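Here's the letter readout for the chains.
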Amino acid sequence: MSASENFSLARAWLKAFNAHDVTALVSLYAEDATHTSPKIRVLHPETGGRLVGRPALERWWRDAIARLPGLRYEETALTADGDRVFMEYLRHAPNEAPLPVAEVLEVKGGRIVASRVYHG
C-alpha cells in the first residue's frame, strides 16, 4: 500500500467510527487482526488489553457505542507511510473531558492487521 492509500484507509476508519457503522469499521480489518487498548484492559482484564479477530472487534465496538452513544473522535493529526498510519485524535464521550489519543494502524494488503491505542 502507498502512504496515500493508507491515509485514505485511516480517513475511512474515522468516518466509519464516527458514523457508528461497526460493519464498515470491522471490514477494514484482516480476519485475524489484533487490537490493543488501555480501555480494553480496564473493562476486560482477562484479555490483557488485546482482542483478536473481527468478531471480537465487532463485539467491542458495538458494546462501546451502546455504553457511550455520543462517542466520537475528532482528528487532530494523521501520518502514514506504506506500512502504517499514526493517528492522533480527541476522544469525545458523554460527560467526560476530551481525551487525547494516539493510535497506530499496521496495514498489510489493504487491511489493518493490528491497531494499538495509547492514552493516559
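Residues numbered from 1 in each chain as written. Predicted model: local features only at pLDDT ≥ 70, side-chain atom pairs only at ≥ 80, totals over all residues. Heavy atoms only, no water.

Labelled according to an unreviewed UniProt entry, the protein chain appears under the name Nuclear transport factor 2 family protein, originating from Corallococcus interemptor.

### Focus: the overall build of the protein chain
Looking only at helices and strands, the protein chain has four helices and six strands in total. Moving toward the C terminus, one meets the helices and strands of the protein chain in the order α-α-β-α-β-α-β-β-β-β. For a compact globule of 120 residues, the expected C-alpha radius of gyration is about 14 Å, and the protein chain comes in at 13 Å, within 12% of that figure. Residues classed as buried in the protein chain amount to 42% of the 120 residues present. Contacts spanning at least 24 positions in sequence make up 45% of the contacts within the protein chain whose residues lie at least 6 apart. When the accessible surface of the protein chain is totalled, it reaches about 6,200 Å², and 54% of it is carbon and sulfur. (Helix = DSSP H or I, 4+ residues; strand = E, 2+ residues; numbered from the N terminus. Rg over C-alpha atoms; globule rule 2.2 N^0.38 Å. Buried < 20%, exposed > 50% of the residue type's maximum accessible area, 1.4 Å probe, protein only. Contact = heavy atoms within 4.5 Å. Areas by Shrake-Rupley, 256 points an atom, 1.4 Å probe, with all protein chains shown as cover.)

### Topic: the environment of R111
Tracing the chain through its elements places R111 in strand β6 (residues 111–118). Separated by 80 residues in the primary sequence, R111 and E31 have C-alpha atoms spaced 9.0 Å apart. With residues up to four places along the chain from it excluded, the contact list for R111 reads S27, L28, Y29, A30, R54 and E106.

### What to know about the side chain of S37
When you line up the elements, S37 lands in the loop between β1 (29–36) and α3 (38–43). We classify S37 as buried; its relative accessible area is 6%. Setting aside chain neighbours within four positions, we find S37 in contact with G49 and V117.

### Section: the pattern of salt bridges
Tallied over the full model, the rule gives six salt bridges. Measuring nitrogen to oxygen at the nearest pair gives 2.7 Å for the salt bridge that ties E75 to R11. Here the residue E75 occupies a position in strand β3 (residues 72–80), and R11 occupies one in helix α1 (residues 3–18), the gap between them amounting to 64 residues. Using a relative accessible area of 31% as the deciding quantity, one classes E75 as partly exposed. The salt bridge involving D63 is made with R67; its shortest N-O contact spans 2.9 Å. Taken as a pair, D63 and R67 lie in helix α4 (residues 54–67) at a separation of four residues, close to a single helical turn. (Salt bridge = Lys/Arg side-chain N within 4 Å of Asp/Glu carboxyl O.)

### So, α4
The terminal C-alpha atoms of α4 lie 20 Å apart, and with 14 residues this matches the ideal 20 Å at 1.5 Å per residue to within 8%. The set of residues buried in α4 consists of R54, A56, L57, W60, W61, A64 and I65. The buried residues of α4 occupy an angular sector of 160 degrees when the element is viewed end-on, so they sit on one face. In α4, the exposed residues that point more than 90 degrees away from the buried face are R59 and A66. Packed against the buried residues of α4 are α1, α2 (22–27), β1, α3, β2 (50–52) and β6. (Expected span 1.5 Å × (residues − 1). Arc of directions from axis to C-beta.)

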